[in-house]
Amino acid sequence: MSRAFLLQPNKTSNNNNNEQILDVCIIGAGFSGMYQLHKLRSSNVQNVKVIEAGSGVGGTWYWNRYPGCRCDVPSVEYSYSFNEELQQDWTWTEMMAPQPEIEKYANHVADRFKLRDGIDFNTKVMKVEYNEQEKIWYTYTDTNKTYKSKFVITCVGCLSNPNLPDIYHQSAANFKGTTIHTGRWPKKNPDFSGKKVCIIGTGSSGIQTLPEVANGKLGKCEVTVMQRTPQYTLPANNHPLSKEYVNNTKKNYDRIRKFERESAAGISLVDYLGGSIYSPDVQLPLPPIEDNIMDLNEDERLALLDKYGFEVIRKFADVRVSEKANKIVQDLFAKQVKRVVKDPVTAEALTPKDYPLGCKRQVIDTNFFEAFNLPNVKLVDLTKGKISAITANGVETEQGTFDFDVIIFAVGFDAMTGPLTSLNIHGKNGQTISGNWEKEGPKTYLGLQMVGFPNLFTVTGPGSPSVLSNMMVSIEQHVDWISQTIVDMKGKETIEPTVEAQEKWVKHVNDVTQGSMLVNPSCNSWYLGANIPGKPRIFMPYLGGVGAYREICNEVRKEGYKGFQIS
Ligand code: NAP
């Protein structure tokens, strides 16, 4: 075994076959972990290992393989930009690629950049512990192997820790049929032929799953959707990509990527619904996003709804800042649901009522509302009586019992903090991330590091733009920043934020959300931790935009890692 490149000599021993000494231990082989490994290797930091619980690469695209699963950002942008040959060679087939195509892309990247020998698959992290005397992180795993490293980089994503409510545990324990969580869908699709299938949850996962299951993708079946909160879901407008579009994209990648990096959400195609900035074949005849719905009278609004259907909803700027404007589009949305869904009781139940549009992560769909017109699809409105138990035969609710053969839990994730707290990370003086964040929510400096956890970095951690952006853009920016920092740490021991810098950043993250629909008191989103009972209600990602955030991170480095203490 080669001696670690960055570790101080004589600080660790390697007298145990179950121990591996590393410069950097990376946790997770999704898109962030794969690029992190590649970037460090190409920065001449070679003694690096990735630990991955799954048997393959892809992270979220490895675990989420439910029918209908696809990305919600145009694939030409939801892809790596770090290698020109890669983006020229790879051709996406659809505007928003389905999971199998994204997983194939992840595998292509792993092979192309020879990453597999740097990844220990089927290895789950049980505990990550800092030894203050040695200044070394110990990462313990379920394979009995321990990794000792100067640095740890968590590349665990933001939505990788499935939410497992009590009813999920009851189902796993009591239910005679099949229990599946969308975030842990089996590699071999189950056969639903002739079965009674229940889908619990109407977030992105449930909304993508329903039309495919209802249309018999896994066999002809009866489907019952159990809905607690209706969604403002909008059409995805997914479609196959023409050769011309693909060629235009490839020709313009320099411009597109530059635009992404300087933008708010990491997407240059924000314009694509109103006419792409570079491709003529993605044009919908919509009013520009600068328009204000308050400037139109009722007849004008209805005329637009007649013409554009749901599309009209997302095209008005004032909707995001004015509750009055928001209420107007809520009414338009309700009208459109009633036009699409034939049964009036079902349409009413599917209409959101108690929270503003745009306060949750926007869900997009392909024929979600239309699926309720199929004879094999039923809705159970849980506002009329909630689920009380999962029994051997199905679901017991306050409005009656329902027998099923399959229960699909599309109930989401313990977002942003869950993937980190579940790693069981112990820092200086025995403090833990879960303990530190339990009452007041996550505290980080730039979403990159935490006080008390020296040399531990979090790619797309809470307090960074992460889930409010095209994740690929945020991942690349974080990985590049962290990799350069590790190179700059040669000959130095530890890097850790100051308490002052962390507190200032936490305050700033909080300040920039003020006035936004995202923190509206009526909104219960996973951005706020509101989907997990007992989780503190804190808006976790950074709303300042990826362009501005990148500048802040660059400035911090330019000013000698301002806000960090380096020893
Ligand atoms: P989610 O948005 O949190 O939705 C979970 C659903 O389950 C909600 O309808 C929720 O109801 C319901 N639910 C939770 N616990 C329940 C319980 N005990 N009883 C009844 N219903 C319950 O989760 P998700 O759909 O997995 O999506 C999470 C995020 O993952 C998305 O916002 C998106 O960022 C990402 N995602 C992306 C894609 C994509 O890019 N295409 C696809 C899937 C997921 P309440 O609303 O009442 O809590």
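Scroll up for the structure.
## Looking at helix α1 (residues 31–42)
Inference 1: Between its terminal C-alpha atoms α1 stretches 17 Å, which fits the 16 Å expected from twelve residues at 1.5 Å a residue.
Inference 2: Across the twelve residues that make up α1, a large majority, nine, are buried.

## Looking at the nonpolar core
Inference 1: With 129 residues, the main nonpolar core has Phe31, Ile153, Phe192 and Leu210 as its most contacted residues.
Inference 2: For isoleucine 153, the residues in contact, after removing those within four places along its chain, are Val24, Cys25, Ile26, Ile27, Gln36, Leu40, Phe457, Val459, Ile482 and Ile486.
Inference 3: Grouped together as the second largest cluster of nonpolar side chains are 19 residues, Val125, Val156, Met450 and Leu456 included.

## Focus: the pairing of strand β15 (residues 400–403)
Inference 1: When strand β14 (residues 394–397) meets β15, the two strands line up antiparallel, connected through four bridges. Looking at β15, one finds that threonine 397 is bridged to glycine 400.
Inference 2: The turn linking β14 back onto β15 is made up of two residues.

## Section: the site of the ligand
Inference 1: Taken together, the neighbourhood of the ligand is formed by 24 residues, with Arg70, Ser205, Gln208, Thr229 and Trp526 sitting nearest.
Inference 2: Contact between the ligand and serine 205: an oxygen atom at 2.6 Å from a side-chain N or O atom of the residue.
Inference 3: Arginine 361 has a polar side-chain atom sitting 3.2 Å from an oxygen atom of the ligand.
Inference 4: Contact with the protein chains removes 88% of the 910 Å² of surface that the ligand exposes when unbound.
Inference 5: It is helix α6 (residues 204–214) that contributes the most residues to the shell around the ligand, three residues altogether.
Inference 6: Within the shell around the ligand, the residues separate by chemical class into eleven nonpolar, eight polar and five charged.

## Structural notes on the environment of aspartate 343
Inference 1: Here aspartate 343 is to be found in the loop between α10 (323–340) and α11 (344–349).
Inference 2: Separated by 30 residues in the primary sequence, aspartate 343 and asparagine 373 have C-alpha atoms spaced 7.5 Å apart.
Inference 3: A polar side-chain atom of aspartate 343 sits 2.5 Å from a polar atom in the side chain of threonine 346.

## Details of the pattern of salt bridges
Inference 1: Throughout the structure, instances matching the rule amount to 27 salt bridges.
Inference 2: Across the pair lysine 338 and glutamate 348 runs a salt bridge, and its minimum N-O distance is 3.2 Å. In this pair, lysine 338 sits in helix α10 while glutamate 348 sits in helix α11, placing the two residues ten residues apart along the sequence.
Inference 3: In the salt-bridge network here, residues are joined through shared partners; they are Lys49, Asp120 and Lys145.

## Points about the state of the cysteines
Inference 1: Inspection of every chain in the model, using the stated rule, returns one disulfide.
Inference 2: With a sulfur-sulfur separation of 2.1 Å, cysteine 359 is cross-linked through a disulfide to cysteine 523. Looking along the S-S bond of the cysteine 359-cysteine 523 disulfide, the torsion reads about 85°, which is the right-handed sense. Remark: cysteine 523 occurs in the loop between α16 (499–511) and α17 (546–558) and cysteine 359 occurs in the loop between α11 and β11 (364–365); sequence separation between them is 164 residues.
Inference 3: Assessed through its relative accessible area of 0%, cysteine 523 is described here as buried.

## Here we look at helix α15 (residues 471–488)
Inference 1: Its 18 residues give α15 an end-to-end C-alpha distance of 26 Å, which sits within 8% of 26 Å, the value for a rise of 1.5 Å per residue.
Inference 2: Summarising burial for α15: 14 of the 18 residues are buried, a large majority.

## Brief notes about empty space enclosed by the protein
Inference 1: Across all of its chains, the model carries five cavities of 30 Å³ or more by this definition.
Inference 2: Counted as a void, the second largest cavity has a volume near 50 Å³.
Inference 3: Gln231, Tyr232, Tyr355, Gly358, Lys360, Arg361, Gln362 and Val363 are the residues that line the second largest cavity.
Inference 4: Here the residues of the lining of the second largest cavity sort into three nonpolar, three polar and two charged.

## With respect to the sheet that holds strand β7 (residues 178–181)
Backbone hydrogen bonds hold the strands of a sheet together, and the pairing may be parallel or antiparallel.
Inference 1: Spatial strand order, β7-β16-β8-β9-β12: five strands in an open sheet with parallel pairing. The sheet terminates laterally at β7 and β12 (377–381), the two strands that pair on one side only. Geometrically, the sheet is characterised by an average inter-axis angle of 20° between neighbouring strands, direction not taken into account.
Inference 2: For strand β8 (residues 196–200) and strand β16 (residues 406–409), the ladder comprises four bridges, and the chain directions are parallel.

## As for the sheet that holds strand β13 (residues 387–390)
Inference 1: Spatial strand order, β13-β14-β15: three strands in an open sheet with antiparallel pairing. A strand with exactly one partner marks an edge of an open sheet, and here the two such strands are β13 and β15. Pairwise comparison of adjacent strand axes, ignoring direction, gives a mean angle of 20° for this sheet.

## Observations concerning the environment of lysine 307
Inference 1: With respect to the helices, strands and loops of the structure, lysine 307 is situated in helix α9 (residues 298–308).
Inference 2: A relative accessible area of 62% places lysine 307 in the exposed class.

## Description of the packing of aromatic side chains
Inference 1: The full count for this structure, using the stated rule, is 34 aromatic pairs.
Inference 2: A ring pair is formed by phenylalanine 82 and phenylalanine 113, whose centres lie 5.3 Å apart and whose planes are at 50°; its orientation type is tilted. Of this pair, phenylalanine 82 sits in the loop between α2 (60–63) and α3 (84–89) while phenylalanine 113 sits in the loop between α4 (99–112) and β3 (119–120), placing them 31 residues apart in sequence.
Inference 3: Summarising the aromatic geometry, the rings of tyrosine 130 and tryptophan 137 are spaced 4.9 Å apart at their centres and angled 45° between planes, so their arrangement reads as tilted.

## Thoughts on the pairing of β14
Inference 1: Of the strand pairs in this sheet, β13 and β14 are connected by three bridges, and their pairing is antiparallel. The residue bridging alanine 389 from the neighbouring strand is glutamate 396, located in β14.
Inference 2: Between β13 and the antiparallel strand that follows it, β14, lie three residues.

Rules of the game
- Residues numbered from 1 in each chain as written.
- Predicted model: local features only at pLDDT ≥ 70, side-chain atom pairs only at ≥ 80, totals over all residues.
- Heavy atoms only, no water.
- Helix = DSSP H or I, 4+ residues; strand = E, 2+ residues; numbered from the N terminus.
- Expected span 1.5 Å × (residues − 1).
- Buried < 20%, exposed > 50% of the residue type's maximum accessible area, 1.4 Å probe, protein only.
- Core = buried A, V, L, I, M, F, W, Y, C linked by side-chain atoms within 4.5 Å.
- Contact = heavy atoms within 4.5 Å.
- Pairing = 2+ DSSP bridges.
- Near = heavy atom within 4 Å.
- Polar contact = N/O pair within 3.5 Å; in protein donor to acceptor, adjacent residues only side chain to side chain.
- Areas by Shrake-Rupley, 256 points an atom, 1.4 Å probe, with all protein chains shown as cover.
- Nonpolar A, V, L, I, M, F, W, Y, C, P; charged D, E, K, R; others polar.
- Salt bridge = Lys/Arg side-chain N within 4 Å of Asp/Glu carboxyl O.
- Disulfide = S-S within 2.5 Å.
- 1 Å grid on protein atoms, 1.4 Å probe; cavity = no way out; pocket = protein on both sides within 12 Å on 5 of 7 lines; lining within 4 Å.
- Points joined across faces, edges and corners; volume = space filled by probe spheres on them.
- Axes fitted to C-alpha atoms, helices over the stretch in contact; angles between N-to-C directions.
- Phe/Tyr/Trp six-rings, centres within 6.5 Å; stacked < 30°, edge-to-face > 60°.

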